[in-house]
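The lines below spell out each chain.
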There are 2 protein chains.
Amino acid sequence: MSRILIKDLKNHIGQEVKVKAWVDAVRDHGKLVFLVLRDRSGSAQVVVKSENEKVFAQAQTLKEESVIELDALVKERPDKMKKNEINGELELEAQGMQILSLADVLPFEKDADLNIETHLDHLPLTLRKNTVRNIFEVQATIISAFREALKNEDFIEFQAPAIVGGDAEGGAGVFELGYFKDNKAYLATSPQLYKQVMVGVFERVYATGKVFRAEKHATTRHLAEYTSLDFEMGFIKDHRDIMDMLEKVTRYIIKSVTQKHTNIFDENKIDDILLPEEKYPVMTLKEAQELIYKETGRDNRSEPDLEPEDERFLCSWAKENKNSDFIFITHYPVSKRPFYTYEDENMPGYTKSFDLLFRGVEISTGGQRIHDYKMLLKNIEKWNLSPKDFEFYLQAFKFGIPPHGGIGMGLERLTAKIMQIKNVKEATLFPRDMTRIDKFINTKE
Amino acid sequence: MSRILIKDLKNHIGQEVKVKAWVDAVRDHGKLVFLVLRDRSGSAQVVVKSENEKVFAQAQTLKEESVIELDALVKERPDKMKKNEINGELELEAQGMQILSLADVLPFEKDADLNIETHLDHLPLTLRKNTVRNIFEVQATIISAFREALKNEDFIEFQAPAIVGGDAEGGAGVFELGYFKDNKAYLATSPQLYKQVMVGVFERVYATGKVFRAEKHATTRHLAEYTSLDFEMGFIKDHRDIMDMLEKVTRYIIKSVTQKHTNIFDENKIDDILLPEEKYPVMTLKEAQELIYKETGRDNRSEPDLEPEDERFLCSWAKENKNSDFIFITHYPVSKRPFYTYEDENMPGYTKSFDLLFRGVEISTGGQRIHDYKMLLKNIEKWNLSPKDFEFYLQAFKFGIPPHGGIGMGLERLTAKIMQIKNVKEATLFPRDMTRIDKFINTKE
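About the criteria used
- Residues numbered from 1 in each chain as written.
- Chains lettered and ligands numbered in written order.
- Predicted model: local features only at pLDDT ≥ 70, side-chain atom pairs only at ≥ 80, totals over all residues.
- Heavy atoms only, no water.
- Phe/Tyr/Trp six-rings, centres within 6.5 Å; stacked < 30°, edge-to-face > 60°.
- Helix = DSSP H or I, 4+ residues; strand = E, 2+ residues; numbered from the N terminus.
- Buried < 20%, exposed > 50% of the residue type's maximum accessible area, 1.4 Å probe, protein only.
- Pairing = 2+ DSSP bridges.
- Patch = residues over 30% accessible without salt bridge, like charges linked within 9 Å, V, L, I, M, F, W, Y side chains within 5 Å.
- Areas by Shrake-Rupley, 256 points an atom, 1.4 Å probe, with all protein chains shown as cover.
- Salt bridge = Lys/Arg side-chain N within 4 Å of Asp/Glu carboxyl O.
- Lys, Arg positive; Asp, Glu negative; His and termini not counted.
- Charge placed at Lys NZ, Arg CZ, Asp CG, Glu CD.
- Least-squares fit on C-alpha atoms with pLDDT ≥ 70 in both.
- Contact = heavy atoms within 4.5 Å.
- 1 Å grid on protein atoms, 1.4 Å probe; cavity = no way out; pocket = protein on both sides within 12 Å on 5 of 7 lines; lining within 4 Å.
- Points joined across faces, edges and corners; volume = space filled by probe spheres on them.
- Nonpolar A, V, L, I, M, F, W, Y, C, P; charged D, E, K, R; others polar.
- Buried area = accessible area lost by both parts, 1.4 Å probe.

**Digging into the packing of aromatic side chains**
- On inspection of all chains with the given rule, the structure shows 34 aromatic pairs over all chains.
- When the ring of A:Phe180 is compared with that of B:Phe175, the centres are 5.5 Å apart and the planes differ by 75°; the resulting orientation is edge-to-face. With A:Phe180 in the loop between strand E8 (176-178) and strand E9 (184-187) and B:Phe175 in the loop between strand E7 (163-164) and strand E8 (176-178), the pair connects residues from two separate chains. Each member of the pair, A:Phe180 as well as B:Phe175, is classed as buried.
- Measuring from ring centre to ring centre gives 5.0 Å for B:Tyr393 and B:Phe397, while their planes differ by 70°; the resulting arrangement is edge-to-face. Taken as a pair, B:Tyr393 and B:Phe397 lie in helix H11 (residues 391-398) at a separation of 4 residues, close to a single helical turn.

As structure tokens, this is what we get:
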């Protein structure tokens, strides 16, 4: 008999079927054992009767998370016993069982509300919880929708390198590794320079790969590695073309996840995501700071960047006034952006750059990049970087590149905000940070 | 006027259009300058007449790879001047030009047959060649088709970590990096252990990410980082279920690339890829060695693995006798496979593992994995590894996991074989090896 997926049981009422699944729950009622089975497609209840001695004895040995093959009869429940849930109208009556993997007693109740460290210590087990699986089902849809949205706009995927020869952006927080023959190499903090090279090749490109940050912060926001969703496009007028594309892509992602995962959103009581009928609201950093001052009295007008509190305020403001969970903030000062950022001719000292805020935090950063070879060279020097370190990259500019720009967006942070999860580590399958690579690291302090 | 893509010019004959593109070629004929323009969608010829003084003067300053905006009239060529190529029926007559980026003189003729080191030194330029762009267009389709094929079979994507706590597979060639507070970490050589953990979560999973090998070989086959296409699935009978899935996936990939890129295959004179009407041929390692002995006299029957020469022979054999560019070789000895490989009860000493050979080389390795906790623990010890290092991973087995298996397949190698490229580095956008990270590394010898 070939396997029937649990989601298809409803088409087999009255028939004998074979199901292969994990035991999600066991309840021994003396003369009856109830099992809840879970496979990749859903879950269903099984009743094991004591009359069927062999199967009954097997069922009594089962611990949660054991894996079985079950031969069973699919029975329709009497109307008054029907439950308003998937497979709520049916029940399996066990007839034969093969135990494929007998689980140990779990170290805690599966639905227990664990502290984050216990949760992370036991990921091979805790990732199996329905609420946790939901997060990563949504994550898979986000990354897939990101790629789809860009493919629809003529972008082509490329594989950006993870090992790089230097700390290209001149920032802190880079991991160093031993390369061959005592040479040093580094882990990429972003695919930025390669994306720009690829604009010269394909005009419109995207990448979805890991980037690495050796940031010495053990917070709910920091990860040592994360999945970066990046695109870059040529022949733009200015940063607003990039903002339009990012708006298109994020709308596509939100529509994809909410349509595909209606059940998950309902079950987890996740707030509807507000997409304005008009375009996403936009303001410059200066305008944002003026608004904050006017509305809250907090005067950050001389700051070069937003505080977390500011980002939260601007998002509530956009929600209330523009019916939008998204808001763009543009024109960060030259000093706060990397060397390749384009300065706005009409607003000297400020860049054609932007952050996209969503539900209280920045989820994407982007802007127009410098495409003029000489201007770029001058900026590398101005940033106290060495042009020699950029020789390879600079070829893209020496040999013709159009005005271009792009964005980077963290998959895990976006997942967390969509799913309304506070700690980004819970939206990361196997999070790495200062204190943890799978297991807790002895930090020798 | 808004931009028209070059591929759409044929719909604008007789009209004025704006084109934005790279200058693929410049030919100055004295009273006429001919340009070939290239954008992401294709290329087309432009004629610049001396009557139009301003544009003519601009055209004369252009070097190949410069980027321009061109206002032009789309003219149909007289019948005898039509060329049998895309846009061969039309020509643009330049009317106005804006130079967006003026390129330097190229360091070599664009179509010159470069040695590999010169090619790699100048990737931001050499990647723009049509033949090279073709390779990476096909590569983008391969990775996309891999994901699609698996999504169609109910697999879900996950993000495997790149930074790991140890060298899990106990092999050589692992990169070490400085982590936080003097701790060491390593770069993943494969997502293997995480894929198995994820079988416990989603039953069927795939990942497409970078893996790293510190192999001290400077050959045409070795890369320090490459993109690994991986899947893993639960509830299998044995390795043959994995082979069936891999066959389905590779057939899907081949069909996708050949259908989508007919032009590229034709232009680059790539041989048709043979997919047998029956299933891919399969033989055990022993059978393969007997066949090689019988047909060539080469006696490798006591060897635990195939030599490159053997792989080439088996592929020609499959091509001639089975009309197939693919052939599976199964049952490698226990000693040649990692600790988690399942030993065949019916053939002690040999594993339920396989290689898939394609056009002369192994392009994928896979098999059934041990799912029994105690057997796995015993093997870890047998392989002289420490169970303590595997505590995190072992939880997946302690708490119930079905019989499962999967495969790994290198994207770059598969691309190279499909495109009939000899050196895998030419099928890798930014190859890293012993001697190179973008630029040549001073190897201090």
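**A look at the pairing of strand E15 (residues 361-369) of chain A**
All names here are of chain A.
- Taken across its 9 residues, E15 has 7 buried, putting it largely inside the fold.
- Inspection of the sheet shows strand E14 (residues 353-358) paired to E15 by 6 bridges, in the antiparallel sense. Each bridged residue has a counterpart across the sheet, and for Ser353 the counterpart in E15 is Gly367.
- In terms of strand pairing, E15 meets strand E16 (residues 404-410) through 6 bridges, oriented antiparallel. Each bridged residue has a counterpart across the sheet, and for Ser364 the counterpart in E16 is Met409.

**Notes on a positive patch on the surface**
- Judged by side-chain charge, A:Lys151, A:Lys260, B:Lys151 and B:Lys260 come together as a positively charged surface patch.
- With respect to the secondary-structure elements, A:Lys260 resides in helix H6 (residues 239-260).
- Looking at A:Lys260, the relative accessible area reads 59%, which means it is exposed.

**Focus on the relation of the copies chain B and chain A**
- With an RMSD of 0.0 Å, the fit of chain B onto chain A corresponds to turning through 180° and sliding 0.0 Å along the axis. With respect to symmetry, the two chain copies, as superposed, fit the operation of a two-fold axis. Scanning chain B for the C-alpha nearest the rotation axis identifies B:Leu177, at a separation of 2.0 Å.
- In this assembly the copies share their binding face: 100% of the residues contributing to the interface of chain B also contribute to that of chain A.

**Structural notes on unusual backbone geometry**
- Backbone geometry places A:Lys269, a non-glycine residue, at a positive phi of 50°.
- Within the secondary structure, A:Lys269 sits in the loop between helix H7 (262-267) and strand E12 (282-284).
- Its identity is not glycine, yet B:Arg359 carries a phi of approximately 50°, on the positive side.
- Positionally, B:Arg359 belongs in the loop between strand E14 (353-358) and strand E15 (361-369).

**Examining the sheet that holds strand E19 (residues 439-440) of chain A**
All names here are of chain A.
- The sheet built from 3 strands is open, its strands ordered E17-E18-E19 with antiparallel pairing. A single partner strand is all that each edge strand has here, and the edge strands are strand E17 (432-433) and E19.
- With 2 bridges joining them, strand E18 (residues 436-437) and E19 adopt antiparallel strand pairing. The partner of Ile437 across the bridge, within E19, is Lys439.

**Concerning empty space enclosed by the protein**
- Applying the stated criterion across every chain, the model contains 6 cavities of 30 Å³ or more.
- In this structure, the largest cavity spans a volume of roughly 430 Å³.
- Taken together, 36 residues form the lining of the largest cavity, with A:Thr208, A:Gly209, A:Lys210, B:Gly209 and B:Lys210 sitting closest to its centre.
- The set of elements that each furnish at least two residues to the lining of the largest cavity consists of strand E10 (204-212) and strand E11 (225-234) of chain A together with strand E10 (204-212) and strand E11 (225-234) of chain B.
- Split into classes, the residues belonging to the lining of the largest cavity amount to 18 nonpolar, 12 polar and 6 charged.
- Forming the walls of the second largest cavity are A:Gln159, A:Ala160, A:Pro161, B:Gln139, B:Lys210, B:Glu225, B:Glu412, B:Thr428, B:Leu429, B:Phe430, B:Pro431 and B:Arg432.
- Considered class by class, the residues forming the lining of the second largest cavity number 5 nonpolar, 3 polar and 4 charged.

**Quick word on the interface of chain B and chain A**
- The interface of chain B with chain A comprises 107 residues on the first partner and 107 residues on the second.
- Taken together, both faces of the contact between chain B and chain A bury some 8600 Å²; the carbon and sulfur share is 61%.
- If you sort the residues of chain B by the area they bury against chain A, B:Phe180, B:Phe392 and B:Phe399 come out on top, with a joint share of 9%.
- The tally of links from chain B across to chain A stands at 9 salt bridges.

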